[in-house]
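Summary of structural features
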Amino acid sequence: MMITKETFVKLITMIMNTIDDKREFIEDNDYIPDECKDCILEECDFLKDLITMLTCIMIDRFGVIRDYLYERDENGEYFFGISKGNKIEVYLLTSPEELYEYLAEESEGFSLIAMKARS
């Protein structure tokens, strides 16, 4: 991996806290119209860039990072399945550490190659 587990967990935790704070704000303010709730939860450029960077570095081919951040249940768990051939592998992630381990296992054997673009 190009990023340590400790750094990954700190970044994911920071993003989770930001998203959770926004959700709590929406829940605490019943007067917010439904169409505005999506705007509040929308990612700022900083979060979009950070999630995209982590997705690339961790070789997250299925978008699990973004799904984990936004689709966790109230217990912080994210349950999903990925089709592999003619079977479906099912996963339950309950922490950023488990997310890192899942991504490390899935990206095993893959590597990022950076090349300078020719103009």
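The structure presented is a predicted model; accordingly, all values stated were derived computationally and were not measured.

Alignment of strand 1 (residues 78-84) against strand 2 (residues 87-93), held across seven bridges, turns out to be antiparallel. Each bridged residue has a counterpart across the sheet, and for S83 the counterpart in strand 2 is I88. Connecting the antiparallel pair strand 1 and strand 2 is a turn made up of two residues, with G85 showing a positive phi of about 70°.

It is at 9 Å that the axes of helix 1 (residues 5-28) and helix 4 (residues 64-71) come closest, and there the two elements cross at 40°. In terms of orientation, helix 1 and helix 4 fall into the oblique class. Note on packing geometry: the crossing formed by helix 1 with helix 4 is right-handed. Residues F8, I12, I15, M16, I19 and R23 of helix 1 touch helix 4, and the partners they reach there are I65, Y68, L69, Y70 and E71. Split by residue class, the contact of helix 1 with helix 4 holds nine nonpolar, no polar and two charged.

Within the largest apolar cluster, 24 residues are counted, with the highest numbers of intra-cluster contacts made by F8, I12, I65 and L99. Elements with a minimum of two residues in this core: helix 1, helix 3 (45-57), helix 4, strand 1, strand 2 and helix 5 (96-106). By residue number, the principal contributor to this core is helix 1, which donates five residues. Residues contacting L99, with those up to four places away along its chain left out, are F8, I12, V64, I65, Y68 and L93.

The next subject is the pattern of salt bridges. This model, assessed by the stated rule, comprises nine salt bridges. Between K10 and E6 there is a salt bridge; the shortest N-O distance is 3.3 Å. Of the two residues, K10 and E6 are both situated in helix 1; the distance of four residues between them amounts to about one turn of the helix. Judged by relative accessible area, E6 falls into the exposed class, the value being 55%. Look at the salt bridges and you will find they share partners, linking R61, K84, K87, E89 and E106 into a network.

Okay, a nonpolar patch on the surface next. Nonpolar side chains collect at one region of the surface, where F79, I88, V90 and L92 lie side by side and expose about 440 Å² of accessible area between them. In terms of residue count, the dominant contributor to the nonpolar patch is strand 2 (three residues). Tracing the sequence through the fold places L92 in strand 2.

As a further point, take empty space enclosed by the protein. With the rule as written, the count across this model stands at one cavity of 30 Å³ or more. Around the largest cavity, the lining residues are I59, D60, R61, F62, Y102, L103 and E106.

Moving on, we get to the side chain of D60. Turning to its location among the elements, D60 is positioned in the loop between helix 3 and helix 4. Excluding residues within four positions of it along the chain, D60 makes contact with T55, I65 and L103.

Negative charge collects at one region of the surface, where D21, E24, E27, D28 and D30 lie side by side. Tracing the sequence through the fold places D30 in the loop between helix 1 and helix 2 (34-41).

Quick notes on the rules
Residues numbered from 1 in each chain as written. Predicted model: local features only at pLDDT ≥ 70, side-chain atom pairs only at ≥ 80, totals over all residues. Heavy atoms only, no water. Pairing = 2+ DSSP bridges. Helix = DSSP H or I, 4+ residues; strand = E, 2+ residues; numbered from the N terminus. Axes fitted to C-alpha atoms, helices over the stretch in contact; angles between N-to-C directions. Parallel < 35°, antiparallel > 145°, perpendicular 65-115°, else oblique. Left-handed = near helix turned anticlockwise from the far one by under 90°. Contact = heavy atoms within 4.5 Å. Nonpolar A, V, L, I, M, F, W, Y, C, P; charged D, E, K, R; others polar. Core = buried A, V, L, I, M, F, W, Y, C linked by side-chain atoms within 4.5 Å. Buried < 20%, exposed > 50% of the residue type's maximum accessible area, 1.4 Å probe, protein only. Salt bridge = Lys/Arg side-chain N within 4 Å of Asp/Glu carboxyl O. Patch = residues over 30% accessible without salt bridge, like charges linked within 9 Å, V, L, I, M, F, W, Y side chains within 5 Å. Areas by Shrake-Rupley, 256 points an atom, 1.4 Å probe, with all protein chains shown as cover. 1 Å grid on protein atoms, 1.4 Å probe; cavity = no way out; pocket = protein on both sides within 12 Å on 5 of 7 lines; lining within 4 Å. Points joined across faces, edges and corners; volume = space filled by probe spheres on them. Lys, Arg positive; Asp, Glu negative; His and termini not counted. Charge placed at Lys NZ, Arg CZ, Asp CG, Glu CD.

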